[in-house]
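Results of the structural survey
So the chains spell out like this:
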Amino acid sequence: MTGGPVTARHRAGPAGLLLVAAAAWVWVATRWADMQAMPGTMGLGLPAFLAVWTLMMAAMMLPATAPVAALYARTIRVHRGPHMVVFTAAYLLVWAAAGLPAYALATGLGRTAGLPAPMGTAVAAAVFGFSGVYQLTPLKERCLARCRSPISLMLRYASYPGPSRDVRAGAHHGAFCLGCCWSLMVLLAAYGLMNLWAMVVLAAVITGEKLAPAGRLVARAVGVASIALAVAVFWVPALAPDLTGGGTAGM
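Reading the values: the criteria
- Per chain, residues are indexed from 1 in the order of the written sequence.
- Thresholds applied to this predicted model are a pLDDT of at least 70 for local features of residues and 80 or more for the giving and counting of side-chain atom pairs; totals over whole chains, interfaces and linings are not thresholded and use all residues.
- Side-chain calculation: all heavy atoms of the structure are included, whereas hydrogens and water are not.
- Predictor confidence is given residue by residue as pLDDT, running from a minimum of 0 to a maximum of 100.
- Secondary structure elements are defined from DSSP: runs of H or I of at least 4 residues count as helices, runs of E of at least 2 residues count as strands, and each element is numbered from the N terminus.
- Whether two residues touch is decided by their heavy atoms; if any such pair falls within 4.5 Å, the residues are in contact.
- Whenever a carboxyl oxygen of Asp or Glu lies within 4 Å of a side-chain nitrogen of Lys or Arg, that contact is scored as a salt bridge.
- The rule is simple: take the accessible area with a 1.4 Å probe, protein chains only, and divide by the maximum for that residue type; under 20% is buried, over 50% is exposed, in between is partly exposed.
- With axes taken as lines fitted to C-alpha atoms, and helix axes fitted only over the stretch in contact, angles between N-to-C directions fall between 0 and 180 degrees.
- Angular relationships are summarised with four words: roughly parallel below 35 degrees, roughly antiparallel beyond 145, roughly perpendicular across 65 to 115, and oblique for the angles in between.
- A crossing counts as left-handed when the near helix is turned anticlockwise from the far one by less than a right angle, and as right-handed when that turn is clockwise.
- Between 30 and 60 degrees the pair is tilted, below 30 it is stacked and above 60 it is edge-to-face, where a pair is any two Phe, Tyr or Trp rings, Trp via its six-membered ring, whose centres lie within 6.5 Å.
- Take the buried Ala, Val, Leu, Ile, Met, Phe, Trp, Tyr and Cys residues and link them wherever side-chain atoms come within 4.5 Å; each set so joined is a nonpolar core.
- Patch membership needs two things, relative accessible area over 30% and no salt bridge, and members are linked within 9 Å if like-charged or within 5 Å if nonpolar (Val, Leu, Ile, Met, Phe, Trp, Tyr).
- Under the convention used here, a 1.4 Å probe and the Shrake-Rupley method define accessible areas, while residue burial counts only the protein chains that appear.
- Here a cavity means grid points, on a 1 Å grid over the protein atoms only, where a 1.4 Å probe fits yet cannot get out; a pocket means an open set of points with protein on both sides within 12 Å along at least five of seven lines; lining residues are those with an atom within 4 Å of a point.
- Grid points are joined across faces, edges and corners, and a volume is the space filled by probe spheres set on the points.
- Note that Gly is not counted as nonpolar here; it falls among the polar residues with everything else outside the nonpolar set of Ala, Val, Leu, Ile, Met, Phe, Trp, Tyr, Cys and Pro and the charged set of Asp, Glu, Lys and Arg.
- We call a pair of cysteine sulfur atoms a disulfide whenever their separation is within 2.5 Å.

With respect to the confidence of the model for the protein chain
Mean pLDDT over the protein chain stands at 83; residues scoring 70 or higher make up 87%. Mean pLDDT values over the elements of the protein chain span from 70, in helix 1 (residues 3-35), up to 95, in helix 10 (residues 215-232). Taken as a whole, residues 1-10 scores under 50 in pLDDT and shows five contacts with residues more than four places along the chain or in a different chain. Every residue in residues 247-251 scores below 50 in pLDDT, and together they form ten contacts with partners more than four places removed in sequence or on other chains.

Looking at the pattern of salt bridges
One pass over the structure, following the stated rule, counts two salt bridges. Residue Glu-209 is joined to Lys-140 by a salt bridge in which the shortest nitrogen-to-oxygen separation is 2.8 Å. Of the two residues, Glu-209 sits in helix 9 (residues 196-211) while Lys-140 sits in helix 5 (residues 138-148), which places them 69 residues apart along the sequence. Pair check on accessibility: Glu-209 and Lys-140 agree, each one buried. We note a salt bridge from Arg-216 to Glu-141, for which the minimum N-O separation is 2.8 Å. Taken as a pair, Arg-216 in helix 10 and Glu-141 in helix 5 lie far apart in primary sequence, 75 residues in all. The partly exposed category is assigned to Arg-216, whose relative accessible area is 35%. For Glu-141, a relative accessible area of 28% gives the class partly exposed.

Section: the packing of helix 5 against helix 7 (residues 165-186)
Look at helix 5 against helix 7: their axes get within 9 Å of each other, and the N-to-C directions meet at 130°. Classified by the angle between their axes, helix 5 and helix 7 sit oblique to one another. In this structure, the crossing between helix 5 and helix 7 has a hand that is left-handed. Two secondary-structure elements touch here, helix 5 through Lys-140, Arg-142, Cys-143, Leu-144, Arg-146 and Cys-147 and helix 7 through His-173, Phe-176, Cys-177, Gly-179, Cys-180 and Leu-184.

Here's the deal with the packing of aromatic side chains
Counting across every chain of the model gives six aromatic pairs. Centre to centre, the rings of Phe-49 and Trp-53 are 6.3 Å apart; their planes meet at 15°, and the pair counts as stacked. With a gap of four residues between them, Phe-49 and Trp-53 both fall in helix 2 (residues 46-74), about one helical turn apart. With respect to class, Phe-49 is no different from Trp-53; both count as buried.

Concerning the nonpolar core
Within soluble globular proteins, side chains that are nonpolar generally end up buried alongside one another. Membership of the largest hydrophobic core comes to 71 residues, with the highest contact counts inside it found for Met-56, Met-60, Trp-95, Met-185 and Leu-188. No other element matches the 15 residues that helix 2 contributes to this core. Non-local contacts of Met-60, meaning those with residues more than four positions away in its chain, are made with Trp-25, Met-185, Leu-188, Met-199, Leu-202, Ala-203 and Ile-206.

Points about a nonpolar patch on the surface
Judged by side-chain polarity, Val-133, Leu-136, Val-224 and Ile-227 come together as a nonpolar surface patch covering roughly 300 Å² of accessible area. Topologically, Ile-227 is positioned in helix 10.

A look at the packing of helix 2 against helix 7
Axis separation between helix 2 and helix 7 bottoms out at 11 Å; the angle between their running directions is 120°. When the axis of helix 2 is compared with that of helix 7, the two are oblique. Between helix 2 and helix 7 lies a crossing of right-handed hand. Together, Trp-53, Met-57, Met-60, Met-61, Thr-65, Val-68 and Tyr-72 of helix 2 and Arg-165, Asp-166, Ala-169, His-173, Cys-177, Cys-181 and Met-185 of helix 7 make up the contact between the two elements.

A short note on empty space enclosed by the protein
Evaluation of the coordinates by the stated rule reveals one cavity of 30 Å³ or more. Taken together, Gln-135, Leu-136, Thr-137, Glu-141, Arg-216, Ala-219 and Arg-220 make up the full set of residues lining the largest cavity. If one sorts the elements of the lining of the largest cavity by residue count, helix 10 sits on top with three residues. Among the residues making up the lining of the largest cavity, the classes are represented as two nonpolar, two polar and three charged.

With respect to the state of the cysteines
Under the definition given, this model contains zero disulfides. Lacking any disulfide linkage, Cys-143 is separated from the closest cysteine sulfur, that of Cys-180, by 6.6 Å. Note on Cys-180: no disulfide assigned, nearest cysteine sulfur contributed by Cys-181 at a separation of 3.8 Å.

As structure tokens, this is what we get:
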């Protein structure tokens, strides 16, 4: 008779993450038409940009993080809800901090809209190439391995003492996810940070990398494809519409 309630409690952690992700997707879907036409930082100041960026990361990252949240919830015996809120908040705080270099990058890339098309194409090639090369590095492989097989992380988190455990665990896992996925977020620069379809595709890639049996092959395939795009964009500038003047029609 006790199996049902225990299972339900274990599911509370990932269910909460999925609800937050769903709410973030709804917000993005209702706002993207107004913001996608704005290059660079979407016309936002730093505080507003960080808020939008964090919502985007919640939408894209939390679904793939749900299995880790389920494992972490099993290490908590009482009051799982508040603990999981802190864990999730700390995880998202890492991605919010990543919004600072993202803002600087978006500001710089937004200025390419006024550059001659060949220069914008060269920038797009650099973005594709940089992202693709990182996908094939040992650091990417190490971070992805931790995200795919988090049992060792759970043993580490269980050893954290005191009330800061949830913050440390969420931030630590967020750091590994950032190391795993930041290069994919860079690709958003080529299509516009608020491009809904690019977000959907990249979220599917992130989920596939972390959860699919052939996730490592997915990561390498994306790296090879990004490098190929770095070459192809010189012949087809519309492959990077936000940097080469193609606008969202290039999607």
